[in-house]
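# An overview of the molecular structure
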Amino acid sequence: DAGITQSPRHKVTETGTPVTLRCHQTENHRYMYWYRQDPGHGLRLIHYSYGVKDTDKGEVSDGYSVSRSKTEDFLLTLESATSSQTSVYFCAITSGPTNYGYTFGSGTRLTVV
Amino acid sequence: GQQLNQSPQSMFIQEGEDVSMNCTSSSIFNTWLWYKQDPGEGPVLLIALYKAGELTSNGRLTAQFGITRKDSFLNISASIPSDVGIYFCAGQDPPGGSNYKLTFGKGTLLTVNP
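In this report, we go over the structure that sits alongside the text.

Reading guide: rules and limits
Residues numbered from 1 in each chain as written. Chains lettered and ligands numbered in written order. Predicted model: local features only at pLDDT ≥ 70, side-chain atom pairs only at ≥ 80, totals over all residues. Heavy atoms only, no water. Helix = DSSP H or I, 4+ residues; strand = E, 2+ residues; numbered from the N terminus. Rg over C-alpha atoms; globule rule 2.2 N^0.38 Å. Buried < 20%, exposed > 50% of the residue type's maximum accessible area, 1.4 Å probe, protein only. Contact = heavy atoms within 4.5 Å. Areas by Shrake-Rupley, 256 points an atom, 1.4 Å probe, with all protein chains shown as cover. Lys, Arg positive; Asp, Glu negative; His and termini not counted. Charge placed at Lys NZ, Arg CZ, Asp CG, Glu CD. Pairing = 2+ DSSP bridges. Axes fitted to C-alpha atoms, helices over the stretch in contact; angles between N-to-C directions. Core = buried A, V, L, I, M, F, W, Y, C linked by side-chain atoms within 4.5 Å. Phe/Tyr/Trp six-rings, centres within 6.5 Å; stacked < 30°, edge-to-face > 60°. Buried area = accessible area lost by both parts, 1.4 Å probe. Salt bridge = Lys/Arg side-chain N within 4 Å of Asp/Glu carboxyl O. Nonpolar A, V, L, I, M, F, W, Y, C, P; charged D, E, K, R; others polar.

The subject of this paragraph is the overall build of chain A. A count of helical and extended segments in chain A gives zero helices and eleven strands. The globule rule puts the C-alpha radius of gyration for 113 residues at 13 Å, and the 13 Å found for chain A is close to it. Counting every position in chain A, which comprises 113 residues, the buried fraction comes to 48%. A separation threshold of at least 6 residues defines the contact pool for chain A, and within that pool the share at least 24 residues apart is 54%. With an accessible surface of roughly 5,200 Å², chain A has 46% of that area assigned to carbon and sulfur atoms. Here chain A contributes 11 positive and 11 negative side-chain charges, whose respective centroids are spaced 2 Å apart.

Okay, structure coming up:
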């Protein structure tokens, strides 16, 4: 297995509540990414991390925050969930220059009602 | 920002037929990648292309990195039912501050009729 797990796999939450999704890796990779997948939009980058405590925004970062306090964990938080954030969320990892492309987790399906 | 135009959006083919899909970009990429996504799973890397003009095969799959560095295509020969899924192209930012970010196309949904 690739050594990347996402939790939870499914979640239903109410509008206005905070939600945290977790990505855990056992590969000791430096780079981690959060994407969302929506019909008609493909995969869009939310936030990414290039090291512990080093994060930056992607193209659809509004309403999301991230934290990375240790190499193996990258957390995505929806500060106040909205229906437009109903989506499938994927975490991905790469070691960088010696490993082109990413390894993806299996995704978290989030429904905001 | 960068955009990738992937076509076709969907394809319905008979088992045994060949398939071709392509991706074009408004900007240059140093690396092109092709992924496949099965239902309920994350995308899995099929082929990576590193040089303009490069032609690479992986079993029944063949992909090419366009000479202009702004396009790529993927061919699948003699399709089988397990080829069903969503295929994504992705361009990787040049190194040097890019943090290896990928930009994805919107995907091609492939259905194979037995």
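Let's shift gears to the sheet that holds strand 7 (residues 61-65) of chain B. Residues and elements named next belong to chain B. Here we have five strands laid out as an open sheet, ordered 1-3-8-7-6, and antiparallel in their pairing. Edge positions in the sheet fall to strand 1 (4-7) and strand 6 (55-58), since each has one partner strand and no second. Strand-to-strand twist across the sheet, computed as the mean angle between neighbouring axes with direction ignored, equals 15°. Pairing of strand 3 (residues 19-25) with strand 8 (residues 71-76), which is carried by six bridges, proceeds in the antiparallel orientation. What sits directly across from Cys-23, in strand 8, is Ser-72.

A separate point is the nonpolar core. All names here are of chain B. One finds Trp-32, Trp-34, Leu-74 and Leu-110 to be the most contacted residues of the largest nonpolar core, which totals 20 residues. Breaking this core down by element, the ones donating at least two residues are strand 2 (10-14), strand 3, strand 4 (31-37), strand 5 (44-49), strand 7, strand 8, strand 9 (85-92) and strand 11 (108-113). Filtering out sequence-adjacent residues up to four positions away, Leu-110 remains in contact with Met-11, Ile-13, Val-19, Ile-76, Asp-83, Val-84, Gly-85 and Tyr-87.

It is worth spelling out the packing of aromatic side chains at this point. Each aromatic ring pair is specified by the distance between its two centres and by the angle formed by the two planes. Throughout the structure, instances matching the rule amount to 15 aromatic pairs over all chains. Measuring from centroid to centroid gives 5.3 Å for Tyr-35 of chain A and Phe-104 of chain B, while their planes differ by 85°, and the two rings are edge-to-face. Residue Tyr-35 of chain A is located in strand 4 (residues 31-38), and its partner Phe-104 of chain B is located in strand 10 (residues 102-104); the two belong to separate chains. Arranged with centres 5.9 Å apart and planes meeting at 65°, the rings of Phe-104 of chain A and Phe-104 of chain B form a pair that is edge-to-face. Taken together, the residues span two chains, with Phe-104 of chain A in strand 10 (residues 103-104) and Phe-104 of chain B in strand 10. The structure contains a cluster of three or more aromatic residues connected by ring pairs, namely Tyr-33, Tyr-35, Tyr-48, Tyr-50, Phe-90, Tyr-102 and Phe-104 of chain A together with Tyr-35, Phe-88 and Phe-104 of chain B.

Our next topic: the sheet that holds strand 1 (residues 4-7) of chain A. All names here are of chain A. The strand order 1-3-8-7 describes an open sheet built from four strands, whose pairing is antiparallel. Strands with a single pairing partner mark the edges of an open sheet, and in this sheet they are strand 1 and strand 7 (64-70). Within the sheet, the average angular offset between the axes of one strand and its neighbour, ignoring direction, is 20°. Alignment of strand 1 against strand 3 (residues 19-25), held across four bridges, turns out to be antiparallel. In the sheet register, Thr-5 faces strand 3, and the bridge partner there is His-24.

Now for the pairing of strand 11 (residues 108-112) of chain A. Residues and elements named next belong to chain A. Burial along strand 11 is one-sided: Thr-108, Leu-110 and Val-112 are buried, while Arg-109 and Thr-111, pointing the other way, are not. Examined bridge by bridge, strand 2 (residues 10-13) and strand 11 share four bridges and lie parallel to one another. Within strand 11, the position partnered with Val-12 by the bridge is Thr-111. As judged from the three bridges shared by strand 9 (residues 87-94) and strand 11, these two strands associate in the antiparallel manner. Each residue of the ladder has a partner; that of Tyr-89, found in strand 11, is Thr-108.

In this assembly, 22 residues from chain A lie in contact with 19 residues from chain B. Both sides of the chain A and chain B interface together cover about 1,700 Å² of buried area, and 58% of this is carbon and sulfur. The interface formed by chain A and chain B holds zero salt bridges in total. Put simply, the parts of the chain that give the side of chain A that touches chain B at least two residues each are strand 4, strand 5 (42-51) and strand 9 of chain A. When residues of the side of chain A that touches chain B are assigned to their parent elements, the largest contribution, five residues, is made by strand 5 of chain A. When grouped by side-chain class, the residues that make up the side of chain A that touches chain B number twelve nonpolar, nine polar and one charged.

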